[in-house]
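A look at the structure
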Amino acid sequence: MKKSLIILLILIFTISVAFAIVSPKEQIKKTVDKVISILKDPKYKGEKRQQRRAALRAEISKVFDFDEMAKRSLGIYWRDRTPQEKKEFVELYKDLLERSYSGKIESYTNEEVVYTDERIENGKYAEVKTKIITKDKKEIPIDYRLYFNGKEWKVYDVVIEGVSLVSNYRSQFNKIIRTHSYQELVKRMKTKQAEELMREK
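Described in the following lines is the structure provided in the data block. (Residues numbered from 1 in each chain as written. Predicted model: local features only at pLDDT ≥ 70, side-chain atom pairs only at ≥ 80, totals over all residues. Heavy atoms only, no water.)

Turning to its location among the elements, Ser73 is positioned in helix 4 (residues 66–74). Under the relative-accessibility criterion, Ser73 is labelled buried at 0%. Within the structure, Ser73 has its side chain in polar contact with the side chain of Tyr93 (distance 2.8 Å). Not counting residues within four places of it along the chain, the set of residues in contact with Ser73 comprises Tyr93, Val166, Tyr169, Arg170, Phe173 and Asn174. (Helix = DSSP H or I, 4+ residues; strand = E, 2+ residues; numbered from the N terminus. Buried < 20%, exposed > 50% of the residue type's maximum accessible area, 1.4 Å probe, protein only. Polar contact = N/O pair within 3.5 Å; in protein donor to acceptor, adjacent residues only side chain to side chain. Contact = heavy atoms within 4.5 Å.)

Written as structure tokens, this is what we have:
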């Protein structure tokens, strides 16, 4: 009787946890809805662009796994990096991606976001297909690739109009490293970061 009760409690707990996990589609929709609400929020209008961008970054960081994206974008050159180099690269990559992504998001003008499909593979990987419908009815497909980290779904790549963000960066990064060096890549990323900071002032 006691053993049966313990098993029952374990089953109830397991089922509760399973239902508590947000699906990949729900995870993306939750983030996109929050981002849109930030863009529409009157308190970020006018001269409060920096506060709005900080709010957008905070929301994006909740679902994007920048460590995993940085690792995949650096490709075969990741394993040769020291722990300190990896840490530095992730921070530079995160800043680069957040600025690029935030900049595109800020051009939003009430376009419709449609969620077209969700595919889950072995409970570990997923792809959420969406499309943005512009005012002139043009459709822009944006697919989010996610993995399950044991607790929640995290984005590790974004495919915009058929082009993988991670693959695109990996191609650029690898070319610079092969032609010059890893140090040159970091130098260029730092220069780009400094230029963006100056532009924002």
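In this section: the pairing of strand 4 (residues 153–160). Consecutive side chains of a regular strand alternate in pointing toward one face of the sheet and then the other. Among the 8 residues in strand 4, 7 count as buried, and that is most of the element. Between strand 3 (residues 139–148) and the antiparallel strand that follows it, strand 4, lie 4 residues; Gly150 among them carries a positive phi value of about 105°. Bridge count for strand 4 against strand 5 (residues 163–164) is 2 bridges, and the pairing is antiparallel. For Val159, the partnering residue across the bridge sits in strand 5 and is Ser164. Taking the residues between adjacent antiparallel strands as the criterion, strand 4 and strand 5 are bridged by 2 residues, where Glu161 takes a positive phi near 50°. (Pairing = 2+ DSSP bridges.)

With that out of the way, let us pick up the pattern of salt bridges. As enumerated under the stated definition, the model contains 17 salt bridges in all. One salt bridge in this structure joins Lys154 and Glu152, with 3.6 Å as the shortest N-O distance. Sharing partners across several salt bridges, the network here consists of Arg119, Glu127, Lys129, Asp143, Arg145 and Asp157. (Salt bridge = Lys/Arg side-chain N within 4 Å of Asp/Glu carboxyl O.)

Right, let's talk about the environment of Lys135 for a bit. The topology assignment puts Lys135 in the loop between strand 2 (125–133) and strand 3. On the basis of relative accessibility, which here comes to 66%, the residue Lys135 falls in the exposed class. Separated by 26 residues in sequence, Lys135 and Thr109 place their C-alpha atoms 8.7 Å apart.

Turning to the sheet that holds strand 1 (residues 112–121), a few remarks are in order. The strand order across the open sheet built from 5 strands is 1-2-3-4-5, with neighbouring strands paired in antiparallel fashion. In this open sheet, the two edge strands, each paired with only one partner strand, are strand 1 and strand 5. Here 9 bridges tie strand 1 to strand 2, and the two strands are oriented antiparallel to one another. Across the sheet, the residue bridging to Arg119 is Glu127, located in strand 2. Strands strand 2, strand 3 and strand 4 of the sheet are contacted by helix 4, whose axis makes an angle of about 45° with strand 4. (Axes fitted to C-alpha atoms, helices over the stretch in contact; angles between N-to-C directions.)

Here we take up the nonpolar core. A general feature of soluble globular proteins is that nonpolar side chains tend to end up buried together. If you look at the biggest cluster of nonpolar residues, it comprises 44 residues, and the most contacted ones within it are Phe64, Phe89, Tyr93, Tyr144 and Leu185. Tallying contributions element by element places helix 5 (residues 83–105) first for this core, with 7 residues. (Core = buried A, V, L, I, M, F, W, Y, C linked by side-chain atoms within 4.5 Å.)

Attention shifts here to the pairing of strand 2. Between the end of strand 1 and the start of strand 2, which pair antiparallel, lie 3 residues, with Asn122 showing a positive phi angle near 55°. For strand 2 and strand 3, the ladder comprises 9 bridges, and the chain directions are antiparallel. Across the sheet, Glu127 pairs through a bridge with Arg145, a residue of strand 3. Connecting strand 2 to the antiparallel partner strand 3 that follows it, the hairpin turn spans 5 residues, and Lys137 within it adopts a positive phi of roughly 70°.

In this section: unusual backbone geometry. Not every positive phi belongs to a glycine, and Lys137 is a case in point at roughly 70°. You can see Lys137 is positioned in the loop between strand 2 and strand 3. A relative accessible area of 66% places Lys137 in the exposed class.

All quantities given are derived from atomic positions and should not be read as evidence of function.
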